[in-house]
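Observations on chain architecture
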Amino acid sequence: MDHVEVTEDSALPALKSAIAALVNRARDHRDALVGLSDAEFLDQVAGWPETHTVNTTAAAAARAHGYMHYKGDDDTDDHWGRRLTRRTLHTTGVSGLLRQPAIPDRFAADLAGYLAGPATPSEFLIVIDARLPVNQPHEVAGWQLAQPTSADLDAVTPLPSTRPFATDPWDPALRNGGCCVLRRRTDDLVARNPSAFPRELLLELFEPELTIPAWEPLLLLNLAQPERVTVAAEYEIEPRRMVERTRGTGLDLLPTGYDGNEEWEEPAWGPCRLDDNELGDLLAFTGVLSPLLTHWQAWEEQPKADRKRAKSASERLRRSAYRFLALGPRLGADGDALYERDRAEIVFWYVSALENLLITDSKDGDFSRKVSQRTAVLIGADDDERLEIRRTVARAYTVRSTVAHGDLPADTHLRTLPRQLRTYLRLAFRNLILLGPLFDVAAVCDDALMSAAVREQHVTGPIQRVVRQLRDQPQRRP
């Protein structure tokens, strides 16, 4: 790559001048280019000296901005910023715009920012499958729960001037409107080129462990009401520079009406479909639990003596939440398994999530007894319910052991266990979040088996003081 010395002050003007020369080349040769196919036109533009000048000037401008620096393995292939290649000319819509008789005035600024920065704050956007009548944004565990319009999407879509000629990066249901999303600005993303292959496919094939960027608000949405809420698509966004779907395919669009001329469609939402009153209950719940869950993640702010215990509790909560949420796509209405063949495996992972929450020392052993008893103490409302919870979790451990050894468990309890364990987990998550990261699960729950006073003072009492603030409890919603 040719090196062009340029200061930051002169970086963008020089790049815009190079882009203007590219536009003039396209305008001056329009008659000769009219009959070319799209592929032939791309070959022509990619080989123009003006395109080469745009790339070298963009690299210098990106260097001045400190934007998108990456090297090859041998440190010889040193790049700054993005480049116009045959592929990017097509995907960004630049080649389509250059074939038009009129070029928008903002094109040079759009393209310069795309190629050379400077950097802008990035964000995650997570599409969920719940139908929620959200008329304005609400904060849930540090994320914004919103229902974006087409104009909201256009505000961050790359290169506004070339948008009519580029592939729309958004899934059709999201573009159609009515979908709810979770959004958050982040420092975890750095500017990069869009993936050459669908990144959601690469992640699903090669990612060693599932990660869920929005696990905190997703967990609360699943705790606030009984129907599962799952992720339909995940996007990484560098506003006006790059929008890339990194996981999921989005929601399908289903026909809902036809007036003889036009067919109406709406997103294929999952089982969570709330009305205004139910949404109010959900937001009341998340409003109370969001700051408490945020406190779980702020283990570094704990006194030094408590920091290690708080960090361990925070990591256990996150891992259990991942396992709980990852099963969502395999569930139908009321938390039951979509397919009978999945029930045993769902029980296996639910037990794993419970165990991860309630066993604080892996050297203790006797997990089946301890997890079943601690679950009963933590969420049981009375003696009869605690006994039933203990028996149910013990049966689930039997299923887990059978699955772990490669056998097929008896069908005696499999039909009801997934739904029961999901209910137990929802209450266990809620109650632990309320009790806080320094709650000593092992000591308190084991002592509470023998002492009703301990249970009332350290478990039931603190939970009920917070639950009274809520209009409804997760397990009581119709």
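Residues numbered from 1 in each chain as written. Predicted model: local features only at pLDDT ≥ 70, side-chain atom pairs only at ≥ 80, totals over all residues. Heavy atoms only, no water.

The next point concerns the overall build of the chain. Assigned secondary structure in the chain consists of 19 helices and 10 strands. Reported as C-alpha extents along the three principal axes, the dimensions of the chain are approximately 90 × 65 × 45 Å. Within the chain, the fraction of its 478 residues that count as buried is 49%. Long-range pairs, those at least 24 residues apart, make up 74% of the contacts in the chain with a sequence separation of at least 6. Computed over 58 positive and 71 negative side-chain charges, the separation of the two mean positions in the chain equals 5 Å. (Helix = DSSP H or I, 4+ residues; strand = E, 2+ residues; numbered from the N terminus. Buried < 20%, exposed > 50% of the residue type's maximum accessible area, 1.4 Å probe, protein only. Contact = heavy atoms within 4.5 Å. Lys, Arg positive; Asp, Glu negative; His and termini not counted. Charge placed at Lys NZ, Arg CZ, Asp CG, Glu CD.)

Compared with the 18 Å implied by 1.5 Å per residue over 13 residues, the 18 Å span of helix 15 (residues 367-379) between its first and last C-alpha is a close match. Of all the 13 residues making up helix 15, 10 are buried; the element is thus mostly covered by neighbouring parts of the structure. Listing the buried residues of helix 15 in full gives Lys370, Val371, Ser372, Gln373, Arg374, Thr375, Ala376, Val377, Leu378 and Ile379. On its buried side, helix 15 packs onto helix 14 (343-358), helix 16 (383-404), helix 17 (417-435), helix 18 (441-450) and helix 19 (452-467). (Expected span 1.5 Å × (residues − 1).)

Taken as a whole and judged by the stated rule, the model has six aromatic pairs. Relative to Tyr322, the ring of Trp215 lies with its centre 6.5 Å away and its plane at 80°, an arrangement referred to as edge-to-face. Here Trp215 is found in helix 11 (residues 215-224), whereas its partner Tyr322 is found in helix 13 (residues 304-326), with 107 residues between them in sequence. Geometrically, the ring pair formed by Phe324 and Tyr350 is tilted, given 6.2 Å between the ring centres and 35° between the ring planes. (Phe/Tyr/Trp six-rings, centres within 6.5 Å; stacked < 30°, edge-to-face > 60°.)

With that out of the way, let us pick up the packing of helix 11 against helix 12 (residues 276-297). Their axes nearest at 10 Å, the elements helix 11 and helix 12 cross at an angle of 140°. One element, helix 11, and the other, helix 12, form an angle in the oblique class. The handedness of the crossing between helix 11 and helix 12 comes out as right-handed. Mapping the contact onto sequence places Trp215, Glu216, Leu220, Leu221, Leu223 and Ala224 in helix 11 and Leu282, Phe285, Thr286, Leu289, Ser290, Leu293 and Gln297 in helix 12. (Axes fitted to C-alpha atoms, helices over the stretch in contact; angles between N-to-C directions. Parallel < 35°, antiparallel > 145°, perpendicular 65-115°, else oblique. Left-handed = near helix turned anticlockwise from the far one by under 90°.)

Confidence along the chain averages 89 in pLDDT terms, with 91% of residues attaining 70 or more. Across residues 1-8, where pLDDT falls below 50, the model places 16 contacts with residues more than four positions away in sequence or in other chains. (pLDDT = per-residue confidence, 0-100.)

All right, on to the sheet that holds strand 5 (residues 143-146) then. Across the sheet, which stays open at both edges, the six strands sit in the order 4-5-6-3-7-8 with antiparallel pairing between neighbours. Only two strands of the sheet have a single neighbouring strand rather than two, namely strand 4 (138-140) and strand 8 (242-248). Averaged over neighbouring strand pairs, the angle between their axes works out to 25° when direction is ignored. Across six bridges, strand 3 (residues 122-128) lies against strand 7 (residues 231-238) in antiparallel orientation. Across the sheet, residue Leu125 finds its bridge partner in strand 7, namely Tyr235. (Pairing = 2+ DSSP bridges.)

Moving on to unusual backbone geometry. Cis geometry is found at the peptide bond from Gly117 to Pro118, where omega equals 10°. Residues other than glycine seldom take positive phi values, yet Ala141 does so here, at roughly 50°. Within the secondary structure, Ala141 is located in the loop between strand 4 and strand 5. Classification of Ala141 by relative accessible area gives buried; the value is 10%.

The next point concerns the nonpolar core. Membership of the largest hydrophobic core comes to 84 residues, with the highest contact counts inside it found for Ile128, Leu132, Leu145, Trp215, Leu378, Phe429 and Phe439. Ranked by residues supplied to this core, first place goes to helix 17 with 11 residues. The contacts of Leu132, once residues within four sequence positions are left out, are Leu145, Gln147, Cys180, Cys272, Leu274 and Leu279. Grouped together as the second largest cluster of nonpolar side chains are 33 residues, Leu22, Val94, Leu98 and Tyr114 included. (Core = buried A, V, L, I, M, F, W, Y, C linked by side-chain atoms within 4.5 Å.)

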